[in-house]
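# A structural walkthrough
Take a look at the letters that make up each chain.
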Amino acid sequence: MLDDLKANNRRWAERKTSEDPGFFQRLLGQQAPEYLWIGCSDSRVPATEIVDLDPGEMFVHRNIANLAPPQDANYLSVLQFAVDVLKVRHILVVGHYGCGGIAAAVDGGRRGLIDHWLHPIREVAHEHRHELDALPAERERLNRLCELNVIRQVRNVGSDVFVQDAWARGQTISVHGWVYSLETGLIKDLDVTLRAPGDLERLES
C-alpha cells in the first residue's frame, strides 16, 4: 500500500545522486553536527530544509509543541548525547506560529494523554495571562504564546545539568530561541540566546 512512497524514494535517491554524485557517501561520515534542533513534530516545519542544511549537519529532536521538559527521558537522552558525545555548539529551540499544540493547550478541550504533555504550556499561559489578555485578537494571543513557550523551553535547556556541566568545563554551547512562520518561511530570532549560566537571569521574569 506504500508503493507510492517507495517509488518517491527511488526517484529522490536518483535525483540526489544525479545532482551530487557524492551525496550519500558524504553522509556516511557526516554525523558531526554543530547544531541540535528542538522543534515541533508538525510536518510543515522540516528542520534541515528551512535552514538549507544537509541531514548530517543537524541533530534533530521533535515533539508536539517543541517542549524541553526536565522529566522527559527521551528529550534528556537526546540532549545529553548532543552535548556530551556530539559536542554541538548551538542548541536551537524552534517553535512555529500556527502551532496546533499551542492552541490545543489553551482551548479548553479534552483530548486525553496529550493534555498532560501540554500542561507546561497552560502554565506559561497562566503566568503571562495579563499580557496575553491585553492582546485584541486570538491569533495574536496564540502567536505570543508560541513565543513565550519557546522562551520557557530555552530556559529549561539552559537550566539542565548537562548544559550547566558543559559550561562549567568550558565547552562552548549557545542556546537560542526561534519561531518559524509558516506564512513567510522565515525565522524570527527572539533574542534570548544563552551562552553562560549568568544569562539565565534575563529569562527568570
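All residue numbers here refer to positions counted from 1 along the written sequence of the relevant chain. Residue-level local features of this predicted model are given only where pLDDT is at least 70; pairs of side-chain atoms are given and counted only at 80 or more, and the full residue set underlies all totals for whole chains, interfaces and linings. As a rule here, side-chain values come from all non-hydrogen atoms in the structure, and water together with hydrogens is ignored.

If you trace the 5 strands from one edge of the open sheet to the other, you get 2-1-3-4-5, paired in mixed fashion. At either margin of the open sheet sits one strand with a lone partner, and together these are strand 2 (58-63) and strand 5 (187-189). Between one strand axis and the next, the sheet turns through 25° on average, direction left out of account. For two strands to be treated as a pair, DSSP must find at least two bridges joining them. Under the scheme used here, helices are H or I runs from DSSP no shorter than 4 residues and strands are E runs no shorter than 2 residues, and both carry numbers assigned from the N terminus. Across 5 bridges, the pairing between strand 1 (residues 35-40) and strand 3 (residues 90-96) is parallel. Directly across from W37, in strand 3, lies its bridge partner L92. Here a residue-residue contact requires only that any non-hydrogen atoms of the pair lie within 4.5 Å. Only the contacting stretch of a helix is used when fitting its axis, a line to C-alpha atoms as for every element, and angles between N-to-C directions run 0 to 180 degrees. Against the sheet, helix 4 (residues 73-85) engages strand 1, strand 2 and strand 3, with an angle of about 170° to strand 2.

We now examine the side chain of D115. Along the polypeptide, D115 turns up in helix 6 (residues 113-117). Of the side chains with opposite charge, R122 lies nearest to the buried D115, which makes no salt bridge, at 4.5 Å. Whether a residue is buried, partly exposed or exposed follows from its accessible area with a 1.4 Å probe, protein chains only, as a fraction of its type maximum: under 20%, in between, or over 50%, in that order. The convention is simple: Lys and Arg are positive, Asp and Glu are negative, and His and the chain ends are not counted. A pair is scored as a salt bridge if a Lys or Arg side-chain nitrogen falls within 4 Å of a carboxyl oxygen belonging to Asp or Glu.

Let's shift gears to the nonpolar core. Side-chain atoms within 4.5 Å link the members of a nonpolar core, which is a set of buried Ala, Val, Leu, Ile, Met, Phe, Trp, Tyr and Cys residues. Judged by nonpolar contacts, the single largest core of 46 residues is most densely connected at L36, L79, I91, I121, V154 and V157. Where this core is concerned, the elements lending two or more residues are strand 1, helix 4, strand 3, helix 5 (100-106), helix 7 (119-127), helix 9 (138-159), helix 10 (161-168) and strand 4 (174-180). In terms of residues, this core owes the most to one element, helix 9, which gives 7 residues. In contact with V154, not counting residues within four places along its chain, are V93, V175, H176, G177, V192, L194 and L203. Judged by nonpolar contacts, the second largest core, of 9 residues, contains W37, V45, V94 and W178.

Counted residue by residue, strand 3 has 6 buried out of 7 residues, so it is predominantly covered. In this structure, strand 3 lies alongside strand 4, joined through 7 bridges in parallel fashion. Bridge assignment links I91 to a residue of strand 4, and that residue is V175.

Let us look at the packing of aromatic side chains. Only Phe, Tyr and Trp rings take part, Trp by its six-membered ring, and two of them pair if their centres are within 6.5 Å. Stacked means planes under 30 degrees apart, edge-to-face means over 60, and tilted covers everything else. The final tally for this structure, using the stated rule, is 3 aromatic pairs. Consider the rings of F23 and F24, whose centres lie 5.0 Å apart with planes at 85°: the pair is edge-to-face. Ring geometry for F59 and F81: centres 5.7 Å apart, planes at 40°, overall tilted. Placement of the pair is F59 in strand 2 and F81 in helix 4, with a sequence separation of 22 residues. Using a relative accessible area of 36% as the deciding quantity, one classes F81 as partly exposed. What links up through ring pairs into an aromatic cluster is the set W12, F23 and F24.

The quantities given are spatial measurements derived from coordinates; they are silent on function.
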